[in-house]
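A closer look at the structure
The lines below spell out each chain.
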Amino acid sequence: MLDRTAPDTMPAWGRLLAHVVVWALGLAFLVPFIVVVLNSLRTAQEIAQTSMIGWPESWAFPNYAEAWSQFCVAQNCTGLQPFMWNSAAVTIPATIVSTLLGAVAGYAISLWRFRGDTWIFGLVVLGIFLPQQVRLIPWTFVLRDIGLINTLAGLVLIHTIQGLSFTTLFCRNYYLSIPQDLMKAARIDGAGFFRTFFRIVLPLSPPILIVTVIWQFTHIWNEFLYGVTFTTGSQQPVTAALIGLNAAIADVPQYGVQSAAVVLAALPTLLVYLFGGKYFLRGLTAGAVK
Amino acid sequence: MASIRRRSVLAGAVGLMAAPLAARAQAAKPRLTVISQWSAGSDGAAITALGKKFEERGGVWQHSPVPGFTTDMMNKLRAQIIAGDPPACSQLKGPEIAAWSKIAPTVNLDAIVAAAGYEKVVAPDLARLHKPGGKWSALPLQVYRTNTLFLSKRAMDKAKADKIPTTWAQFNELAEKMKAAGVAHPVANGGTRADDGQKFEAVLAGLNPAVYRKAIMELDEKALGGPEVRAAFAQLRKIADWMDPNTAAQHFSVFLPRFVAGEMGMLIQGGWAQGVLLNGGFKLDDFIIAPGPTENGKPVFVLNADAFIFWQSKQADLQAGQKLMAELVMMPENQTMYSQITGSIPVRTDVDLSGAGWSAGQVEAARTLKEAVAVNQSVLSLAHNMAQENGMTAAMIDVLTEFVKNKAITPDQAVKRLVEAVASAR
Amino acid sequence: MRRAPELLVIWGPLLLAAAHIVVFTAWTVWISFTASTLMPVSEFVGLRNYSSVLATRNWKIAFDNLIVFGGGFVAFTMFTGLLLAILIDQRIRGENVLRSIFLYPMAVSFVVTGVVWSWLLNPGMGVQKLVNDLGWAGFRFDWITDREMAIWTIVLAGVWQAAGFAMALLLAGLRSVEPDLIKAAQIDGAGPLRMYTRVILPTLWPIMVAVLVILLQMAITTFDLVRALTGGGPGIATQLPALVVYDFMFQRGQIGRGAAAAVLMFLTLLGVLLPHALFKYARRRRAADA
C-alpha cells in the first residue's frame, strides 16, 4: 500500500494551484477557531462593551487559569479540571473498547464471513440513524434496571454499545479493500480467526483505526445529553461544565472565560488528531501486500 | 413494560393525595437534595447563599446543579423519578408544577404555609400556581417583571425627549422621534423565542390586561381571536420594524453596547436586564428604568417567578430538610437576601424595600406589583412559561416568533394562526 | 470450523448492539401510539399523535428543510472532502498541519462553535460587517436573517464541520489502493483522469459509501448545529426533524408526539434506504443468477 496514489507526472502549475486552494480553504476553516482563541483572551466586560468578534484590547491570560481551576459551578469552584478527568474516565475506555470490538466485528463481517453476516451488519449500522433523543428515556430504564444510573460506568456502557454501530461500519467498509488472496493465503497456512486478525488484518488497519478512534473520541468527549442526564454533581463530564458558562436569558454571558474553557476542553481531542495524524502518515508495512 | 403501567397508575393515584410531612421529621438532622439549573451567575450565587442559610440552621445542603437549558434539568428530574429517587426539592415553575405533580407524589405544605401566614402576602395568581389540587406543593422563590421598559439616556438626549412613555401611543411617538433624530433602531431587543414572546405579552397586557387574562391565561377562543389581540399584533409589527433586522437569534445582551451608545433607543425586557447592564460594565445613569406602557393608566405587571417543588420522600432527614427549606424560603429576610443578589423582587408583598441594597428599579417594580395586584392587573408571563404549560407555550410562541421574523404575515393571519395553534396544542 | 470463543466474540457485541437498536426502536414506535406526555404511559390513543404532529407547521417546515439540507449537506461535504483528499494526496507539503486544520472542526464541540458561527454569519457582526468595513459597502451576506436562505447557513456550517472527516476517510481509502493496479495502469499509459476514474474510484467506492452513510446520518440527526446556530429560526424557518423530536419530547413535555415525529423520521429514512437496499439486493441476485 502506498503513501500516495498521485502519479509523479503532475505539472508544476497544477501542484501550485493545489497548494493555493488547499491552504486558502485551510485558512477559511480556521476562522471560527481563531475567533474563539481571540475571545479567550478578552475579558467579558470588553466583549460586552464592544463586540463578539474582535482583537483583544488587553490580553486576559488569567482567563485560562480561571477556566482551569477557579470558575464555579454552584458552590464548587474547581474550574474545569475535575470535569476533564470525568470525561477522560468515560471517553478513553469507551473509545478503546468500541474500536476494538468494531474492528473485530468488521473483520468478521467483511473478511471472515459467517452466516447472517449481512443481516446483522445492516441491523447494527441502521442504529446510527437512531437519534439521541429517542434513546434517552429507554436508556434511563435500562440503567435503572442494572443499577448504573448516576455512575460513569453507565455512560461507558452507553457509549460503547452505541459506538459499535459506527465502528463496525467504518472498519467493515475499510476491510473490504483488503484482497481476499491474503485471507486465502492465511487459511492455507492454517491460521484461525484470531491469528489471521492479529497477524494480517490488524497491521493493515492503522488508517481506519485512527479514523475510528478520532470519531469515537470526539463524539463521546463532546457528548452532552447523556452526560448531563445520567451523572450528577462532581461526576459530570466537561461538556456539562462548559454549558454552565452559557448565558441564561438573565445573565451576562461569560464569553471570555467560556472561550478559554472551550479551548482547554478541546485540547484532548485536538491532541488525538495530532498524534493520530502522525501514525496515519506512517502508513503501513510496505511489504504486506507482496 | 408492565412496570411502567403499574408505576404510572400508582403515581397518578398517589399524586392526587399529596401526603403531609411526618411528625418524626422533627427528630432527624435536616438534609436536602436539590436539583436546579442555577449553576452560575447571580442565580448560582443566590442559591448558594440560600444553601448557607440552610447549613447555618444545622442542615446538610446537597445541591446538584444541572448546567444547560431548563429542558436538561427536566430530563434529569425525569430520570431521577424513573429511577425511583427524586430529589427532595427541585426547581420548577408555573403550570408545570401542576403537570409534574401528577407524575410523582409531592409533599403537602399546607400546614407550614398556614403557620407562616404566607398565603396572605403572595399574589393570588402566583399562589394558585403553587397549589395544584388546592394543596401547596411548591413555593415561589423570586419574582421578575417581564414588561419593564429600559430607555437609553443617550438616545433620549438625541431625540430631545424627556418624557417617559406611559402608554403605547406615547411609546410609538417616542420611537418615531428617535428615528427622526438619527437613532438607527429605536428598539434594542434580541431575537430569541422568549424575547419575541415577551414583546407580545408586554404589548397585549399593556393594551388590555383583562383580555390578556382571558386569551392567554384562560385560552378563551373568542378573546384569542378578538380585536384586542389583533391590535397587539399590529403594535408588535411596529416594534419589529423598529428593531435591527439583523437580530437573528441573538441574546439581547449582544446589542447593549449600541443601546447604551444611543444607536438603539428602548428595550422591552425583564427586570434582570438591569443586572446584565451593570455586569457588562455599564452605569446606572446610562439608562432609565420604567414600567411597561399601559393604556388604562393603572399599572400592569407581567409576572415571572421561579419556584421549588417538594417531592415526597420516606427518609426522615430529607423530610426534616424539606420542612426547614420551606420555612427558610418563606422568611422575609431570606427573600430579601435572594432578591438582592439576583435583582428580582421578593415574593412577599409585605417586604420593606426602603433599606439599602435595593435599586430604584426594584423598589419601583415591587410597588407596581402591589398596585397591580390591588387592581387585578397582575398577569402571568407567557414567554416564561408561567401562563401555560410548556407544550402550549411553545406552540403559541412559534406563531409569535414567526410573526416577528416574517414581515409578510399580517396581524389578521397571525390571529388566525394563534387560534389554530392553541386548538391543535390542546 | 467455528469454535466457541470465536462465535462469542463475533456475535456477542453485535447481538448486544442489534438488540438495543431493535428494542429502542420498538419502544419508540409503541410510545408514539400512547398518550405519553411528561412520562411514558401505556394509554393507547391510536394515530392522534401522528395527526397532531403532521398538522404542525414545525413538522412541515422541518421535513422540507431536511430535503434541502440533507441534499446540500451530503453533496457539498462529499465534494469538498473528495477534493481535499485528492489535493492532499498530491504530495502537498505540510500534510500534517493541513489534516489537523480540516479535522479540528469535529474536535471542538458544536455547541460552542455554533455560537461563533452565528456571530460570523450575522450581518451586523461578522463577515458582512467586515467586508463592508473594508470598503465594499454593497456586500451582502445576510442569509442567517433570511427565512429562505437561513437553511443554507446550516449547510455551510455543516460542511465545515464534516468535510475534514470525509477527507480523512477518503484519504485512508486512497492510500489503500493497491500499488500494482496503479503501476499496471501507468504502464498502460493512463493519464491522471483515467487513473482516477478507472482504477482509484472503484477501489474507493466502499469507503465512499461509508462516508455517504455517515453524512446521511449526520444530516438526519443534526441537532446541536441547528440549536446553536439559529435556534430553529428565524421564527421556525430552520426547523429540522431531530429538533422537532427533541422539542416535542422534552421541551414541550409531549413524549408521545415526540416519538411520533421520530417514527416519521424513520419512515422518511426508510424511504431513502429501502430503494437502495432493494437495488443492491436485485443486483446481487442478478449477478448470482448470471
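Residues numbered from 1 in each chain as written. Chains lettered and ligands numbered in written order. Predicted model: local features only at pLDDT ≥ 70, side-chain atom pairs only at ≥ 80, totals over all residues. Heavy atoms only, no water.

Concerning the pattern of salt bridges
When the charged atoms of two side chains with opposite charge come close together, those side chains can pair. All names here are of chain B. Enumeration over the complete set of coordinates arrives at 27 salt bridges over all chains. Across the pair aspartate 125 and arginine 128 runs a salt bridge, and its minimum N-O distance is 3.0 Å. Of this pair, aspartate 125 and arginine 128 both sit in helix α6 (residues 124-129), three residues apart, which is roughly one turn of the helix. Classification of aspartate 125 by relative accessible area gives buried; the value is 10%. (Salt bridge = Lys/Arg side-chain N within 4 Å of Asp/Glu carboxyl O. Helix = DSSP H or I, 4+ residues; strand = E, 2+ residues; numbered from the N terminus. Buried < 20%, exposed > 50% of the residue type's maximum accessible area, 1.4 Å probe, protein only.)

Observations regarding a nonpolar patch on the surface
Residues and elements named next belong to chain A. A cluster of nonpolar side chains, Ile92, Ile96, Val97 and Leu100, forms an exposed patch at the surface whose accessible area comes to about 340 Å². Within the element layout of this structure, leucine 100 appears in helix α4 (residues 81-112). Judged by its relative accessible area of 46%, leucine 100 falls in the partly exposed class. (Patch = residues over 30% accessible without salt bridge, like charges linked within 9 Å, V, L, I, M, F, W, Y side chains within 5 Å. Areas by Shrake-Rupley, 256 points an atom, 1.4 Å probe, with all protein chains shown as cover.)

Here we look at the interface of chain C and chain A
The accessible area lost on association of the parts is a frequent measure of interface size. With 94 residues of chain C at the interface, the matching set in chain A holds 94 residues. Between chain C and chain A, roughly 8700 Å² of surface is buried when both sides are summed, and carbon and sulfur atoms account for 78% of that area. Looking only at chain C, the three residues that lose the most surface to chain A are Phe24, Arg91 and Trp119 of chain C, adding up to 8% of its buried area. Put simply, chain C and chain A have zero salt bridges between them. At the junction of chain C and chain A, the tally comes to five residue pairs in polar contact (both at pLDDT 80 or more). Here the element with the most residues in the side of chain C that touches chain A is helix α1 (residues 4-32) of chain C; it accounts for 18 residues. Across the side of chain C that touches chain A, the residue classes break down as 71 nonpolar, 13 polar and ten charged. (Contact = heavy atoms within 4.5 Å. Buried area = accessible area lost by both parts, 1.4 Å probe. Polar contact = N/O pair within 3.5 Å; in protein donor to acceptor, adjacent residues only side chain to side chain. Nonpolar A, V, L, I, M, F, W, Y, C, P; charged D, E, K, R; others polar.)

Points about unusual backbone geometry
Most peptide bonds adopt trans geometry, and most residues besides glycine take a negative phi value. Residues and elements named next belong to chain B. At lysine 160, a residue that is not glycine, the phi angle is positive and equals roughly 55°. Along the chain, lysine 160 turns up in the loop between α7 (153-158) and α8 (168-180). If you check the backbone angles, asparagine 385 has positive phi at about 60° while not being a glycine. Here asparagine 385 is to be found in the loop between β12 (378-380) and α18 (390-405). For asparagine 385, a relative accessible area of 24% translates into the label partly exposed.

As for the pairing of strand β2 (residues 31-36) of chain B
All names here are of chain B. By the criterion of burial, β2 is predominantly enclosed, with six of the six residues buried. Here β2 shows no split at all, with Arg31, Thr33 and Ile35 on one side and Leu32, Val34 and Ser36 on the other all buried. For β2 and strand β3 (residues 60-65), the ladder comprises six bridges, and the chain directions are parallel. Residue pairing across strands places threonine 33 opposite glutamine 62, the latter belonging to β3. A crossover connection joins β2 to the parallel β3 through helix α2 (residues 41-56); in handedness this β-α-β unit is right-handed. (Pairing = 2+ DSSP bridges. Right-handed = clockwise from strand over helix to strand, strands pointing away.)

Comments concerning the interface of chain B and chain A
If you look at the interface, chain B gives 40 residues, while chain A gives 35 residues. In this assembly, chain B packs against chain A so that about 3000 Å² is buried in total across both faces, 60% of it on carbon and sulfur atoms. Three residues, Pro67, Lys76 and Ile82 of chain B, lead the burial of chain B against chain A; their summed loss comes to 17% of the area buried on that side. Where chain B touches chain A, the interface holds zero salt bridges.

Describing the sheet that holds strand β8 (residues 185-187) of chain B
Residue and element names in this part refer to chain B. With mixed pairing, four strands are arranged side by side in an open sheet as β8-β9-β7-β10. A single partner strand is all that each edge strand has here, and the edge strands are β8 and β10 (287-291). Averaged over all neighbouring strand pairs, the angle between strand axes comes to 20°, with direction disregarded. The pairing of strand β7 (residues 148-152) with strand β9 (residues 264-269) spans four bridges and is classified as antiparallel. By the bridge assignment for β9, leucine 151 is matched with methionine 266. Each of β7, β8 and β9 is contacted by α8, which is oriented at about 150° to β9, the strand it contacts most. (Axes fitted to C-alpha atoms, helices over the stretch in contact; angles between N-to-C directions.)

Notes on a positive patch on the surface
Residue and element names in this part refer to chain C. A cluster of like positive charges, contributed by Lys280, Arg283, Arg284 and Arg286, occupies part of the molecular surface. Relative to the assigned elements, lysine 280 resides in helix α12 (residues 255-289). Of the residues examined, lysine 280 reaches a relative accessible area of 40% and is grouped as partly exposed. (Lys, Arg positive; Asp, Glu negative; His and termini not counted. Charge placed at Lys NZ, Arg CZ, Asp CG, Glu CD.)

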